[in-house]
Amino acid sequence: SIIASFKEEGKSAKTLNRPELQKMLNYCKRYYKDIDAILFWKWDRLSRGEDADYVELGTFFARFGITPISVEENNDVSPEAKLMRKITRATSAYELDKDSQRTKLGLRRKAEEGYFPGKAPIGYLNKRDSQDRGYIVVDEILSPYVQRIFDYYSRLRCSLDALGDIMFVEGFKDKYGKPYRARKFEEILKNPFYIGKFLWNGELYDGKHKAIISKKLFYKVQEMFGKTNKPNVNGKKYT
């Protein structure tokens, strides 16, 4: 008879610290005297294919006298069965690594084509076209704030804290209605995204998105941060 069931939906974490799994393990600790076995689909879905996780789970079930049973795999304790389970886990880990590699290559290809493969910074919005392809457009509501941030900082030569106070009075607030901290303004003022470029994995790319700050103003601001007229942020030169 089934005394409890646990289902993970849409969880892609690669560790054992998954809410539903932890809930199940805690249940096992509490009611282990009533549990003979635990049924699951495959070991690599329970452990996410990591050998250390497999050993940890196996040790856990053994400690509480619970028999783990996979409905898709050989549950024998023979050397041959153990070998096959190890081969299956290794294959699963390989497939995960390949998927990760393909994802990274796809994102790099997108960046090389001029499309920022991430969340757009303040002043821009992420959109999707009819074919579900992502692109970035100017945020007509927030982009004027970004433009004023660059303008005020270059003309007033004020501190970032003072700049934050000025912008807060003008209505530039975070999602909680509070003023942004100084580091947010430094992040904005040093971001080449606003001149039509972007950094991705340490590389500088020319973006397809529309620039909202002139290069002249951007370079001036970088000089005020102690840079040259060819700003060097994260080791990258802007031209």
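Residues numbered from 1 in each chain as written. Predicted model: local features only at pLDDT ≥ 70, side-chain atom pairs only at ≥ 80, totals over all residues. Heavy atoms only, no water.

Draft legend 1. Looking closely at the overall build of the chain. When its secondary structure is counted, the chain shows eight helices and eight strands. The globule rule puts the C-alpha radius of gyration for 239 residues at 18 Å, and the 26 Å found for the chain is more than 25% above it. Counting only C-alpha atoms and orienting by the principal axes, one finds that the chain spans roughly 75 × 40 × 35 Å. Across the 239 residues that make up the chain, the buried fraction comes to 32%. Taking all contacts inside the chain whose residues are at least 6 apart in sequence as the whole, residues at least 24 apart take part in 56%. Of the accessible surface of the chain, which amounts to about 15500 Å², a share of 50% is contributed by carbon and sulfur atoms. When the 46 positive and 33 negative side-chain charges of the chain are each reduced to one mean point, those points stand 6 Å apart. (Helix = DSSP H or I, 4+ residues; strand = E, 2+ residues; numbered from the N terminus. Rg over C-alpha atoms; globule rule 2.2 N^0.38 Å. Buried < 20%, exposed > 50% of the residue type's maximum accessible area, 1.4 Å probe, protein only. Contact = heavy atoms within 4.5 Å. Areas by Shrake-Rupley, 256 points an atom, 1.4 Å probe, with all protein chains shown as cover. Lys, Arg positive; Asp, Glu negative; His and termini not counted. Charge placed at Lys NZ, Arg CZ, Asp CG, Glu CD.)

Draft legend 2. Geometry of the packing of aromatic side chains. Enumeration according to the criterion identifies 19 aromatic pairs in this entry. Summarising the aromatic geometry, the rings of phenylalanine 116 and tryptophan 200 are spaced 5.9 Å apart at their centres and angled 90° between planes, so their arrangement reads as edge-to-face. Pair noted here: phenylalanine 116 is in the loop between α4 (79-112) and β3 (124-128) and tryptophan 200 is in strand β5 (residues 197-200), with a separation of 84 residues, a long-range link. This pair shows no difference in class: phenylalanine 116 is buried, exactly as tryptophan 200 is. (Phe/Tyr/Trp six-rings, centres within 6.5 Å; stacked < 30°, edge-to-face > 60°.)

Draft legend 3. Focus on the nonpolar core. Phe150, Leu163 and Tyr194 are the most contacted members of the largest nonpolar core, which totals 32 residues. Of all the secondary structure elements, the ones that give two or more residues to this core are β4 (134-138), α5 (143-156), α6 (160-169), α7 (182-189), β5 and α8 (215-224). Top element by residues in this core is α5. It accounts for six residues. Those residues in contact with tyrosine 194 that sit more than four places away from it in its chain are Pro121, Ile122, Tyr124, Val146, Phe150, Ile188, Ala211, Ile212 and Ile213. Formed by 16 residues, the second largest nonpolar core is a distinct cluster that contains Ile38, Phe40, Tyr54 and Ile66. (Core = buried A, V, L, I, M, F, W, Y, C linked by side-chain atoms within 4.5 Å.)

Draft legend 4. Molecular detail of unusual backbone geometry. Phi angles above zero are rare outside glycine, and aspartate 132 is one such case at about 65°. Tracing the backbone through its elements, the reader meets aspartate 132 in the loop between β3 and β4. With a phi angle near 50°, arginine 157 is a residue other than glycine that sits in the positive phi range. Counting through the fold element by element, arginine 157 comes out in the loop between α5 and α6. The class for arginine 157 is exposed, based on a relative accessible area of 59%.

Draft legend 5. Structural detail: helix α1 (residues 19-31). With 13 residues, α1 ought to run about 18 Å at 1.5 Å a step, and its terminal C-alpha atoms sit 18 Å apart, in line with that. What α1 keeps buried is the set Leu21, Met24, Leu25 and Cys28. The buried residues of α1 occupy an angular sector of 95° when the element is viewed end-on, so they sit on one face. Facing away from the buried side of α1, by more than 90 degrees, are the exposed residues Pro19 and Arg30. The inward-facing, buried residues of α1 contact β1 (37-40), α2 (43-46) and α3 (51-63). (Expected span 1.5 Å × (residues − 1). Arc of directions from axis to C-beta.)

Draft legend 6. Just the side chain of histidine 209, in detail. Looking at the secondary structure, you find histidine 209 in the loop between β6 (203-206) and α8. A residue is classified by how much of its surface remains accessible, and histidine 209, at 10% relative accessible area, is buried. Residues in contact with histidine 209, not counting those within four places in the same chain, are Tyr124, Ile136, Phe193, Gly196, Lys197 and Phe198.

Draft legend 7. Up close: the pattern of salt bridges. Inspection of the entire model under this criterion finds ten salt bridges. We note a salt bridge from arginine 18 to glutamate 8, for which the minimum N-O separation is 2.8 Å. Taken together, the residues arginine 18 in the segment before α1 and glutamate 8 in the segment before α1 connect sequence positions ten residues apart. Taking the relative accessible area as the measure of exposure, arginine 18 reaches 1% and is therefore buried. (Salt bridge = Lys/Arg side-chain N within 4 Å of Asp/Glu carboxyl O.)

Keep in mind these values describe shape, not function.
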